[in-house]
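Observations on the model geometry
Here is how the chains run, residue by residue.
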Amino acid sequence: IAIGTLLLWLPYFNTTGRFAPFLTALFTATAASTVTGRAVVDTATHWSRAGQGVLMVLMEVGGLGFMSTATFLLVIITQRVTVANQLIMREFLGISRRSGLLRLSIQVVSISLFFQLVGFLIFLWRFLPIFEPSEAVWQALFLAVSGFNNAGFNIIPESASMVLFRKEMWVLGSLTALIIVGGISYSILAEFLRFKRFSRFSLDSRMVIVLSLVLWLLGAMVFFVSEFGNEATLKGLPLGSQVIDSVFHSVSGRTAGFTTIDFVQTEQHTNFFFTGLMFIGGASGSTAGGIKVNTMAVILVAVMASIRGRAQVEVSGREIPAAQIQRALALAFLGIGFVFIVAFFLVVTEGFPFDDILFETVSAFGTVGLSSGITADLSVWGKSLLAGTMFVGRLGPLTMALALGQTPQRAIYRYSQERVRIG
């Protein structure tokens, strides 16, 4: 973020020929590094080709994950990784053994670059008839990197996000696929390539896949039903286009932030529902933010077990350790608490409606990039708070998971139990 801010601040990296406002450079570098995609200036016109290149590199590093990128570089440069770094990578990638960790980290980078290459070729095929060859290559490369890393940035001229390609099935379909692959986590991709059968997947992968499918379907249904009669969004479009738009926004609106509509014009209940989706985010070890689908899945099965009066939390013939349930609850509670604090201060410092502020806050925390249209009009304090929220949203859940996942200390003694009333 510091390097990106310094570069974007320089006149060479923008089209005005002057030093960019420092807060604009800081906010944009943070948004790119945390793959949030939030912008206070028009990315396509304000930043030069060099500035857009800086954003692309920041998105790539931020999307691959700081831990996996660092490990990959250590493997290449020094051929060794410390035990501490291996333990961090184990938590980030979601594997149970240290053996093969370095090989897996190389697979992370290789798989990521492969999918981005496929996306680039598809976009290039569609963009060549529209742009000059060199511009088509640049547009396709930037969109492939931004799409896979769930960043939400785009540099398509005279187009708010993906509005220009709203009826392009190949573009929207390929972008949706890139978002899904980038937001589903590397470990699940590795298991898919290795096992190819759902029944052989780990419990973690099965829970993520099932809940992700449920969230995508539920999000598409809510968006379709809520916006069906809205002339500013879906009304007037062919039924097929309405369905495609609903599915696209259900996938992108939870993790990436690409849109074919303006969320300023969506219904209030649509934004409220998507606030919840953004808070959940994508899978652990992926390019997405939020408290993670894994965390939400553990909480849901724990609640179901409590409702059924079960002392243990069991799923598909497996018991989830109590320590992981406590960690999931702690992560969710800390996420809610952080969003509440940031939203409270934004209500104090800014003069916008609370629902818009909550939407902006959760979008920043979930590193999604959707906006209710108030980002550019926020005060210096407001933009600074959102920049900090993006940073915490990207690193906070992982850092907290590592802190909560330390080896528990066994108590020498325990106190006598006493019940507290619940409900």
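Whatever comes next refers back to the structure up there.
Residues numbered from 1 in each chain as written. Predicted model: local features only at pLDDT ≥ 70, side-chain atom pairs only at ≥ 80, totals over all residues. Heavy atoms only, no water.

**Topic: the pattern of salt bridges**
Summed over the entire model, instances satisfying the criterion amount to six salt bridges. Across the salt bridge formed by Arg38 and Glu360, the nearest N and O atoms sit 2.7 Å from each other. Taken together, the residues span a long stretch of sequence, with Arg38 in the loop between α2 (22-33) and α3 (43-46) and Glu360 in helix α16 (residues 354-365) at a distance of 322 residues. Its relative accessible area of 2% is what places Arg38 among the buried residues. Arg49 is the salt-bridge partner of Glu135, the closest N and O atoms lying 2.8 Å from each other. Here Glu135, found in helix α8 (residues 133-148), pairs with Arg49, found in helix α4 (residues 49-64); they are 86 residues apart in sequence, far enough to count as distant. Since its relative accessible area comes to 22%, Glu135 is described here as partly exposed. (Salt bridge = Lys/Arg side-chain N within 4 Å of Asp/Glu carboxyl O. Helix = DSSP H or I, 4+ residues; strand = E, 2+ residues; numbered from the N terminus. Buried < 20%, exposed > 50% of the residue type's maximum accessible area, 1.4 Å probe, protein only.)

**Notes on the nonpolar core**
If you look at the biggest cluster of nonpolar residues, it comprises 70 residues, and the most contacted ones within it are Phe123, Phe127, Met162, Leu175, Phe258 and Ile320. Here the element with the most residues in this core is helix α11 (residues 203-227); it accounts for eight residues. The contact partners of Met162, leaving out residues within four places of it in the chain, are Leu143, Ile156, Val171, Leu172, Leu175, Phe248, Phe258, Thr259 and Thr260. Phe27, Ala32, Ile155 and Leu378 belong to the second-largest nonpolar core, a separate cluster that totals 32 residues. (Core = buried A, V, L, I, M, F, W, Y, C linked by side-chain atoms within 4.5 Å. Contact = heavy atoms within 4.5 Å.)

**Remarks on the side chain of Thr30**
With respect to the helices and strands, Thr30 occurs in helix α2. The buried category is assigned to Thr30, whose relative accessible area is 4%. For Thr30, the residues in contact, after removing those within four places along its chain, are Ile1, Ala387, Met390 and Phe391.

**Digging into the packing of helix α1 (residues 2-9) against α4**
The geometry of α1 relative to α4 is characterised by a closest axis approach of 10 Å and an angle of 170° between their N-to-C directions. Classed by the angle they form, the pair α1 and α4 counts as roughly antiparallel. For the pair α1 and α4, the contacting residues are Gly4, Leu7 and Leu8 in the first and Gly51, Val54, Leu55 and Leu58 in the second. (Axes fitted to C-alpha atoms, helices over the stretch in contact; angles between N-to-C directions. Parallel < 35°, antiparallel > 145°, perpendicular 65-115°, else oblique.)

**Re the packing of aromatic side chains**
Applying the stated criterion to the full structure yields 17 aromatic pairs. With a centroid separation of 5.2 Å and an interplanar angle of 85°, the aromatic rings of Tyr12 and Phe13 are classed as edge-to-face. For Tyr12, a relative accessible area of 63% gives the class exposed. Judged by centre distance (5.9 Å) and plane angle (70°), the ring pair of Phe223 and Phe274 falls under edge-to-face. One end of the pair, Phe223, is in helix α11; the other, Phe274, is in helix α13 (residues 268-280), and 51 residues separate them in sequence. Judged by relative accessible area, which is 0%, Phe223 ranks as buried. For Phe274, a relative accessible area of 0% gives the class buried. Ring pairs connect the aromatic residues Phe123, Phe127, Phe131 and Phe165, which therefore count as one cluster. (Phe/Tyr/Trp six-rings, centres within 6.5 Å; stacked < 30°, edge-to-face > 60°.)

**What about the environment of Gly51?**
Assignment of secondary structure puts Gly51 in helix α4. C-alpha of Gly51 to C-alpha of Thr15: the two residues are 36 residues apart in sequence and 9.0 Å apart in space. With near-sequence residues (within four places) excluded, Gly51 lies in contact with Leu8 and Phe13.

**Structural notes on a nonpolar patch on the surface**
Among the surface-exposed residues, Phe340, Ile341, Phe344, Phe345 and Val348 lie close enough to one another that they form a single nonpolar patch of about 540 Å² accessible area. Along the polypeptide, Val348 turns up in helix α15 (residues 322-349). In this structure Val348 comes out as exposed when scored by relative accessible area, which is 56%. (Patch = residues over 30% accessible without salt bridge, like charges linked within 9 Å, V, L, I, M, F, W, Y side chains within 5 Å. Areas by Shrake-Rupley, 256 points an atom, 1.4 Å probe, with all protein chains shown as cover.)

**Overview of the environment of Asp356**
The topology assignment puts Asp356 in helix α16. Put simply, Asp356 and Ile374 are 18 residues apart on the chain and 7.5 Å apart in space, counted from C-alpha to C-alpha. In contact with Asp356, other than residues within four places in its own chain, are Ser372 and Ile374.

That's the geometry; what it means functionally is another story.
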